[in-house]
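Secondary and tertiary structure notes
For reference, the chains in residue letters:
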Amino acid sequence: MKRQFIKLVILCLATTAWTVRAETNQPSAAAALVAQLGGPDWEAREAAVAGLIVLGDEQLDNVLDTALEAYVLEADPEVRYRCKRVLWAVVSRHVFVEKRGFLGVSLRQGNIGSVTHEGETYDPIIIQNVLPNHAAQAFGVKQAEQILFIDNRRCNKENFTLRDLIEYIGGKRPGTEVRLLTWFGSTTIERMVKLGARPDMPNDPPVDVRREEFFKRWLDKHAPQVPKAKRPSGRNT
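Residues numbered from 1 in each chain as written. Predicted model: local features only at pLDDT ≥ 70, side-chain atom pairs only at ≥ 80, totals over all residues. Heavy atoms only, no water.

Quick word on the side chain of Arg211
The test is simple: Helix numbers and strand numbers start at the N terminus; a helix is a DSSP run of H or I with at least 4 residues, a strand a run of E with at least 2. Residue contacts follow a heavy-atom distance rule, with two residues in contact if any of their heavy atoms lie within 4.5 Å.
For Arg211, the position within the fold is in helix α8 (residues 207-222). Not counting the four nearest positions on each side in its chain, Arg211 is found in contact with Trp88, Ser92, Phe96 and Glu98.

Notes on the pairing of strand β5 (residues 125-130)
The cut-off we apply is this: When DSSP finds at least two bridges between two strands, those strands are taken to pair.
In this sheet, β5 lies alongside strand β2 (residues 105-109) in antiparallel orientation, the contact comprising five bridges. Bridge pairing in β5 places Leu107 opposite Ile127. Looking at chain direction, β5 and strand β6 (residues 146-150) are connected through two bridges and run antiparallel. Each bridged residue has a counterpart across the sheet, and for Ile126 the counterpart in β6 is Gln146.

Overview of the packing of aromatic side chains
Keep this limit in mind: We call Phe, Tyr and Trp rings a pair once their centres come within 6.5 Å, taking the six-membered ring for Trp, and we label the pair stacked below 30 degrees between planes, edge-to-face above 60, and tilted otherwise. Distance and angle both matter: a charge sits over a ring if NZ of Lys or CZ of Arg is within 6 Å of the ring centre and within 35 degrees of the ring normal.
This model, assessed by the stated rule, comprises three aromatic pairs. For the pair Phe160 and Tyr168, a centre-to-centre distance of 6.2 Å together with 75° between the ring planes defines the contact as edge-to-face. A cation over a ring is seen here: Arg80 above Tyr71, with NZ or CZ 4.5 Å from the ring centre.

Things to note about the environment of Leu180
Just so we agree on the cut-off: With a 1.4 Å probe rolled over the protein chains alone, any residue whose accessible area is under 20% of its type maximum counts as buried; one over 50% counts as exposed, and the rest are partly exposed.
Positionally, Leu180 belongs in strand β8 (residues 177-184). In this structure Leu180 comes out as buried when scored by relative accessible area, which is 1%. Taking C-alpha positions, Leu180 is 4.6 Å from Ile150, a pair spaced 30 residues apart along the chain. Apart from the residues within four sequence positions on either side, Leu180 is in contact with Val141, Ile147, Phe149, Ile150, Ile189, Glu190, Arg191 and Val193.

Describing the packing of helix α4 (residues 60-73) against helix α5 (residues 77-94)
We apply this condition: Here the axes come from fitting lines to C-alpha atoms, over the contacting stretch only for helices, and the angles between their N-to-C directions go from 0 to 180 degrees. Reported orientations rely on four angle classes, namely roughly parallel under 35 degrees, roughly antiparallel over 145, roughly perpendicular from 65 to 115, and oblique for the rest. Two helices crossing with the near one rotated counterclockwise from the far one by less than a right angle form a left-handed crossing, whereas a clockwise rotation gives a right-handed crossing.
Between α4 and α5, whose axes approach to 9 Å, the crossing angle comes to 150°. For the element pair α4 / α5, the angle class is roughly antiparallel. Where α4 crosses over α5, the handedness of that crossing is left-handed. Residue-level inspection shows Leu60, Val63, Leu64, Ala67, Leu68, Ala70 and Tyr71 of α4 in contact with α5, the latter providing Arg80, Cys83, Lys84, Val86, Leu87, Val90, Val91 and His94.

Digging into the packing of α5 against α8
Selection rule: The classification used treats Ala, Val, Leu, Ile, Met, Phe, Trp, Tyr, Cys and Pro as nonpolar, Asp, Glu, Lys and Arg as charged, and all other residues, Gly among them, as polar.
At their nearest, the axes of α5 and α8 sit 10 Å apart, and the two run at 115° to each other. As for the relative orientation of α5 and α8, their crossing is right-handed in sense. Across the interface between the two elements, Lys84, Leu87, Trp88, Val91 and Ser92 of α5 pack against Arg211, Glu212, Phe214, Phe215, Trp218 and Leu219 of α8. The residue makeup of the contact of α5 with α8, split by class, is seven nonpolar, one polar and three charged.

Some remarks on the nonpolar core
Our working definition: To form a nonpolar core, buried Ala, Val, Leu, Ile, Met, Phe, Trp, Tyr and Cys residues must be joined to one another through side-chain atoms within 4.5 Å.
Formed by 27 residues in total, the largest nonpolar core has its most connected members in Leu37, Leu52, Val86, Leu87, Trp218 and Leu219. Counting only elements with at least two residues in this core, the list comes to α2 (29-35), α3 (42-55), α4, α5 and α8. Formed by 20 residues, the second largest nonpolar core is a distinct cluster that contains Leu107, Ala135, Ala136 and Ile169.

Bear in mind that shape data such as this cannot, by itself, settle questions of function.
Given below as structure tokens:
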């Protein structure tokens, strides 16, 4: 009886391992849909586009990575056009933030030189004013505090400047918590701050314009750096 039980366990383990290998070797759902984007049937191509957009609700990274790779590498302009449509729809739905996060401060780049804290060097960003009735005031942030990092992104003049900080906060959704480290006097203050919603400004561009500009920046940033020999020869879309 014991020997039969051991054989049964081994058989179950072998079956499970075979199933896992079979599933791993199958192309992903995103890759299978991308493969249909250049097919002969127009309705099938449109259905593949729609399928990828819906799949992005559940497999965001997989869909973005797969469609982006095909957009960069594929020589067929039809496939590239449809991949770009997929990317635009998925990025607009899941990455672009229509209502932007807001800290509620006015900022300027520090001019007092670098600050060293626990072996790290920072170029602080100074809080000039704290706006009433917004997130910073609610969480005790004070005028003249100097921001050293936010969510472990270290403020420095090389790769995380004042503009980067503003775009980072604006890229968060209202209600998102951020980890803020500031320097005040001779001490550091670390706090979690829940962002509010950025109020509409008179000169703000329409949402559709912001969405298009965001997608262009996103595509320029995330398109893989593919060697020229591998780049598609078809027309740009």
